[in-house]
Amino acid sequence: KQWYQRRVAITAGGVAEADYFSEEVGRTLDANDKIVVAINFDDKEVSFYKNEKLVGDAIALTDSLKEGTLYPVFGTRNMPFTLVTTGDGAFTPEGYTYIQDSEAKLRGPAPPSSRDDCEVIMMIGFPGAGKSTWVKKHVEENRDMKYNILGTAYILKRMKDAVEARKKAKGGRMGFGMVNHAENMLRIIFDLAGRRARNYIIDQHNCQAAAQRRKLNYFNGGYKRKAVVVITTEEELKKRQEGIPEEEKPEELPKDLQNEMKAYLTVPVTPDQVVEVIYAEENAESVANLIKTYNAEGQDWLKKNRKRRSNPGFNNRGGFRGGFNNNFRG
C-alpha cells in the first residue's frame, strides 16, 4: 500500500480511521478541544482522548502498520494550535508516558543536507503512456531517495471527498473544474518545493518546451535535473490507454489540446536544462523520429481544424489562466 493509506487517525468530524477502516465515534472536534493520542505498543492499538475522555474504542493496528514505524502527524486548516510535548499540567492516560521518553523511538527520515545532494526527475509523455508506472517502479527500487512526487493526480487522490461529490453531480466524471483547482494548488506546491532540499519526481505530461522550462526553473541552485522520456508509437499508446482501469482513467483531453501536445512535443536540452535525458523504452534516435511524426501530425491537424485563438483566458506560456491548463495537469 502507498504511504498515504497507512494511518490511524481521528478527523474533525469525529470519524476514526485506520487504512480502509472508518467508524463514526460521534464526537466532533472543536476549537479549544484538547486531543491526546495514546499508543499501546503491547496490545498494538491506538486510543484517542478528547478533553480527558476516551473517544470510541481503541483501534487495533492493521498488519501494514505493525510492520512499519509510526510517525505522529497533525493536520489543520485555517486554525492555530498548540502541540504539547511535556507532561507538565497536561492530561496523560494512566500507564502511558510521552513519546520522547520512550526508548524505542526512532529518528524520522533526514532530508538531504543541501540541494547539491538532490535530484529532480521530470517525466515526459502523453497521458496513459506509462509514466506513473515507471515512477512507481523507480520509487520502489530507490527507497533511500525518499522521492516526493509532484502532480495533479496525487493532489486529487487527497481530495477524495470533494472528487466523489463532484462525480455524483457530473454523472460519474469530475470535470475540468476540479482538475483546475488541483492545478492551482500544484503551482503553490512547486514554489514551496523549490525552496527545500528534497528529491522530486514531476509526474505529469510535460510535453511542451514552455512547461518544461517553467517547472524546471523552480529547481535551481544545485539540483541535479533529469528528464525521463516515455514516448511510444500511437498504436502502443492506445493499447495502454485502453488498459487503464475505468476508475483510474483521467478526464479525456479536448481534441485540440491532444493535437497541441503532439504539435509541440519536445525533449529538454542537455546540459542547459537537464544533466541527463533517460529514454525509458525507446532509444534516442527512435524517440526523435517519433517526435517528428507526432509534431507533423499535430501541426497539420491544428492548421486544418483550429482557428487562431481569441480566448482572453489563453496565455502565451502554453496554458489557460482560467480554464484547462495542459502544462500543470497530472
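Whatever comes next refers back to the structure up there.
Residues numbered from 1 in each chain as written. Predicted model: local features only at pLDDT ≥ 70, side-chain atom pairs only at ≥ 80, totals over all residues. Heavy atoms only, no water.

> When you look at the environment of Tyr-279 in this model, what are you seeing that I'm missing?
Position of Tyr-279 among the secondary structure elements: in strand E11 (residues 276-279). The class of Tyr-279 is partly exposed, set by a relative accessible area of 27%. Put simply, Tyr-279 and Ile-231 are 48 residues apart on the chain and 8.4 Å apart in space, counted from C-alpha to C-alpha. For Tyr-279, the contacting residues outside a window of four places in its chain are Val-229, Val-267, Ala-284 and Val-287. (Helix = DSSP H or I, 4+ residues; strand = E, 2+ residues; numbered from the N terminus. Buried < 20%, exposed > 50% of the residue type's maximum accessible area, 1.4 Å probe, protein only. Contact = heavy atoms within 4.5 Å.)

> Which parts of the structure should I look at to understand the layout of surface pockets?
A water-sized probe rolled over the atoms picks out the places where empty space is left. Roughly 550 Å³ of internal volume is contained in the second largest pocket. Surrounding the second largest pocket, 19 residues form its lining, Pro-127, Gln-241, Glu-252, Leu-253 and Gln-258 being those nearest its centre. Elements supplying a minimum of two residues to the lining of the second largest pocket: helix H7 (234-242) and helix H8 (255-263). The element that contributes the greatest number of residues to the lining of the second largest pocket is H7, accounting for five residues. (1 Å grid on protein atoms, 1.4 Å probe; cavity = no way out; pocket = protein on both sides within 12 Å on 5 of 7 lines; lining within 4 Å. Points joined across faces, edges and corners; volume = space filled by probe spheres on them.)

> Can you help me understand the sheet that holds strand E7 (residues 119-124) in this one?
Across a sheet, strands are paired by hydrogen bonds formed along the backbone, either parallel or antiparallel in direction. Spatially, five strands are ordered E8-E9-E7-E10-E11 in an open sheet, and the strand pairing comes out parallel. Across the chains shown, the open sheet's two edge strands, defined by having one partner strand only, are strand E8 (148-150) and E11. Between one strand axis and the next, the sheet turns through 20 degrees on average, direction left out of account. (Pairing = 2+ DSSP bridges. Axes fitted to C-alpha atoms, helices over the stretch in contact; angles between N-to-C directions.)

Note that every value here comes from positions in space, so none of it alone points to a role or purpose.
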